[in-house]
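Descriptive structure summary
Chain residues, written in single-letter form:
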2 protein chains.
Amino acid sequence: MSLATDAADQPTLYKRIRADIEKRILTGEWPPGHRIPFEHELVARYGCSRMTVNKALSELAQADLIERRRRAGSFVRRPQHQSAVLKIADIRAEIIALGRGYGYELIGRKLRTATAADRDRLGVKKAGKVVAINCRHSADNVPFAVEDRLIDLASVPDAATADFSREPPGSWLLHHVPWTEAEHTISAIVADDRTAEALDIAVGAPCLVIDRYTWRSARTITAVRLLYPGDSHRLVARFKGG
Amino acid sequence: MSLATDAADQPTLYKRIRADIEKRILTGEWPPGHRIPFEHELVARYGCSRMTVNKALSELAQADLIERRRRAGSFVRRPQHQSAVLKIADIRAEIIALGRGYGYELIGRKLRTATAADRDRLGVKKAGKVVAINCRHSADNVPFAVEDRLIDLASVPDAATADFSREPPGSWLLHHVPWTEAEHTISAIVADDRTAEALDIAVGAPCLVIDRYTWRSARTITAVRLLYPGDSHRLVARFKGG
DNA sequence: CACGATTATATGTCTAGACATATAAGTCAA
DNA sequence: TTGACTTATATGTCTAGACATATAATCGTG
């Protein structure tokens, strides 16, 4: 749940303190950079112990709404990063979560020494082995997305022998490479012949493109390009915040 | 900053406890649904007071890594929502953050009683007044996005008199309507004549579309459609997580 | 004035208790 | 078997302290 809650249903004091402060921040009454009252002032105002206001302030700090500086005080932070934050774990899971029938089809799989293009795409310098995978996901037997993936075997040696004819590589990786960072780039293209055929759409039809580059502690893991039919599939995102 | 930190630089005990648990979750040693040790067990294991382990567990709960249930215990949560989470605050701020010169141009503004199409788009039933705004954002004098927005005056009466010839409506709203929820839908289209001209691209060129629907406590505020040139602009998103 | 040492102070962490409260699990009766 | 009642228990919140620690501000000195 979000931090955004009505003050009415706050039985506990620290939540009320947190909500009070949050409200002032979010209405702009306390703009970014504003110093919020010291703990001892809040203790006096609310008539509680310091641990109680500390808990409220700590949560606001964890939520990045305020910044706490020793000896200086607590300050309202600038509104969250303007840029986009996107999370997409796994297409199979996404389709299943939509309540639709998941279908998967491996189109091609190649194990090769990384070409210059591969190295560039993965952002690695040394020449090593990679697996290139091409596959298609469908929902209720309608093409949902085509996937073009490169896995760096130096980071994920098991991928050389994994059976991607049954399990999609995204799901496989999710279970074999636990904690990763990723960068997504979303763009739009028009379908060329090959894409049009794979997605069963017309040549020149719009496609949504997601390029995802994944790594773990500075080690490249995989680069993947997903193509979705642009006029049918939709990436829905919901969030709370200013 | 993320919760993911090395155990080495943890001088404090609660952070070490939090990191220990987090590690087991993220490596899959404790899979989703697994019950993590009770507070009193952790108290015994780490030889500290309950408040210390409680702080560690509370932060993990706030970060949505675990779920805490009274009487039952604390459980590893399923990996975050499969679907997408996207945050885009404000195009002006986005362009400025990119270090590029921001340009804004109001193309059209109309105040009217909501048509059936308007009501449908805003998701309201009662007929009321709305403001329809059409404008263009540019970066370094190159078209960056065109915006087509509808504001519900029942929720934001001030929007009727706001001067959108200087300030983009997104920025204006951000400062006048503080705490909102939003839903984004990303898709792709090909440019029609009007869009092509506005974005200075060819007819039939791909466009990235972001439809955002914003509300606050069940009240509709605004619905906006943003069109970006699909092959030039890119929505970059970075995140941490499985 | 510039720079290093000192001090004051706000936050950071922690304790050893307390009582509240939701709820899983067990008990018992219909 | 099922439903209602009771109980045990893990978490939720809170207190009134304590000492640690980073650092803004002050003070002194060259």
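Placed above this text is the structure.
Read on for an overview of the structure. (Residues numbered from 1 in each chain as written. Chains lettered and ligands numbered in written order. Predicted model: local features only at pLDDT ≥ 70, side-chain atom pairs only at ≥ 80, totals over all residues. Heavy atoms only, no water.)

**Some words on the pattern of salt bridges**
Residues and elements named next belong to chain A. Summed over the entire model, instances satisfying the criterion amount to 26 salt bridges over all chains. Close ionic contact of E39 with R68 constitutes a salt bridge, the shortest N to O distance being 2.6 Å. Of this pair, E39 sits in helix α2 (residues 39–46) while R68 sits in strand β2 (residues 66–69), and the two are 29 residues apart along the sequence. For E39, a relative accessible area of 12% puts it in the buried group. One salt bridge connects E105 with R136, and the closest N-O pair in it is separated by 2.9 Å. With E105 in strand β4 (residues 102–113) and R136 in strand β5 (residues 129–139), the pair connects residues that are 31 residues apart, well separated along the chain. Among the residues examined, E105 registers a relative accessible area of 38% and is labelled partly exposed. The class of R136 is partly exposed, set by a relative accessible area of 21%. In the salt-bridge network here, residues are joined through shared partners; they are E39, R50 and R68. (Salt bridge = Lys/Arg side-chain N within 4 Å of Asp/Glu carboxyl O. Helix = DSSP H or I, 4+ residues; strand = E, 2+ residues; numbered from the N terminus. Buried < 20%, exposed > 50% of the residue type's maximum accessible area, 1.4 Å probe, protein only.)

**As for the protein's contact with DNA strand D**
The full set close to DNA strand D counts 23 residues, and L13(A), T52(A), M51(B), R68(B) and R71(B) are the nearest of them. Backbone atoms, meaning sugar plus phosphate, form 63% of the atoms of DNA strand D positioned within 4 Å of the protein. E39(B) is positioned such that a nitrogen or oxygen atom in its backbone is 3.0 Å from a phosphate oxygen of DNA strand D. Secondary structure elements with two or more residues in the surface near DNA strand D: α1 (13–26) and α3 (50–62) of chain A together with α2 (39–46), α3 (50–62), β2 (66–69) and β3 (73–76) of chain B. Residue composition of the surface near DNA strand D, by class: six nonpolar, seven polar and ten charged. (Near = heavy atom within 4 Å. Polar contact = N/O pair within 3.5 Å; in protein donor to acceptor, adjacent residues only side chain to side chain. Nonpolar A, V, L, I, M, F, W, Y, C, P; charged D, E, K, R; others polar.)

**Here we look at the sheet that holds strand β1 (residues 35–36) of chain B**
All names here are of chain B. With antiparallel pairing, the three strands of this open sheet are ordered in space as β1-β3-β2. Two strands in the sheet have a free side with no partner beyond their single neighbour: β1 and β2. Where β2 meets β3, four bridges bridge the pair, whose relative direction is antiparallel. Bridge pairing in β3 links R68 to S74. Sitting on the sheet, α3 touches β1, β2 and β3, and the angle it makes with β2 is about 120°. (Pairing = 2+ DSSP bridges. Contact = heavy atoms within 4.5 Å. Axes fitted to C-alpha atoms, helices over the stretch in contact; angles between N-to-C directions.)

**What to know about the sheet that holds β2(A)**
Consider a sheet: its strands pair through backbone hydrogen bonds, and that pairing is either parallel or antiparallel. All names here are of chain A. Pairing is antiparallel in the open sheet, where three strands are placed in the order β1-β3-β2. Since the sheet does not close on itself, it has two edges, and those belong to β1 (35–36) and β2, each with one partner. With two bridges connecting them, β1 and strand β3 (residues 73–76) associate as antiparallel partners. Each residue of the ladder has a partner; that of R35, found in β3, is F75. On top of the sheet, α3 reaches β1, β2 and β3; it is set at about 120° to β2, its chief contact.

**Topic: the pairing of strand β6 (residues 142–152) of chain B**
Residue and element names in this part refer to chain B. Summarising burial for β6: nine of the eleven residues are buried, a large majority. Of the strand pairs in this sheet, strand β5 (residues 129–139) and β6 are connected by ten bridges, and their pairing is antiparallel. Across the sheet, the residue bridging to R136 is V146, located in β6. Hairpin connection from β5 to β6: two residues lie between these consecutive antiparallel strands, with D140 at a positive phi of about 50°. Inspection of the sheet shows β6 paired to strand β9 (residues 219–229) by six bridges, in the antiparallel sense. Within the sheet, the bridge partner assigned to I151 lies in β9 and is T222.

**A word on α2(A)**
All names here are of chain A. Inspection of α2 places E39, L42 and Y46 among the buried residues, and these make up the whole buried set. Buried residues in α2, looked at end-on, bunch into an arc of 60°, giving them a common side. Opposite its buried face, α2 presents the exposed residues H40 and A44, each directed more than 90 degrees away. Residues of α2 that are buried sit in contact with α1, α3 and β2. One or two steps after α2, the chain reaches G47, where phi turns positive at roughly 60°. (Arc of directions from axis to C-beta.)

**Describing the packing of aromatic side chains**
To describe a pair of aromatic rings, you give the distance between the ring centres and the angle between the ring planes. All names here are of chain B. Evaluated as defined, the whole model comprises five aromatic pairs over all chains. Residues F144 and Y228 carry aromatic rings whose centres are separated by 5.9 Å and whose planes lie at 75° to one another, so their mutual orientation is edge-to-face. Note that F144 is positioned in strand β6 and Y228 in strand β9, a separation of 84 residues in sequence. Taking the relative accessible area as the measure of exposure, F144 reaches 5% and is therefore buried. Directly above the ring of F38 sits R35, whose terminal nitrogen or CZ lies 3.7 Å from the centroid. The cationic tip of K55 hangs over the ring face of Y14; the distance from NZ or CZ to the ring centre is 5.0 Å. (Phe/Tyr/Trp six-rings, centres within 6.5 Å; stacked < 30°, edge-to-face > 60°. Lys NZ or Arg CZ within 6 Å of the ring centre and 35° of its normal.)

**Concerning the packing of helix α1 (residues 13–26) of chain B against α2(B)**
Residues and elements named next belong to chain B. It is the contact of α1 with α2, at a shortest axis distance of 12 Å, that shows an interaxial angle of 115°. The chirality of how α1 crosses α2 is right-handed. Where α1 approaches α2, its residues L13, R16, I17, D20, I21 and R24 are matched on the opposing element by L42, R45 and Y46. Residue composition of the contact of α1 with α2, grouped by class: five nonpolar, no polar and four charged. (Left-handed = near helix turned anticlockwise from the far one by under 90°.)

**Looking at unusual backbone geometry**
Backbone geometry places D200(A), a non-glycine residue, at a positive phi of 60°. Structurally, D200(A) is set in the loop between α7 (193–199) and β8 (206–216). Residue classification places D200(A) among the exposed positions, given a relative accessible area of 61%. Phi is positive for R71(B), which is not a glycine, with a value near 70°. Residue position: R71(B) is located in the loop between β2 and β3. R71(B) sits in the exposed class, given a relative accessible area of 84%.

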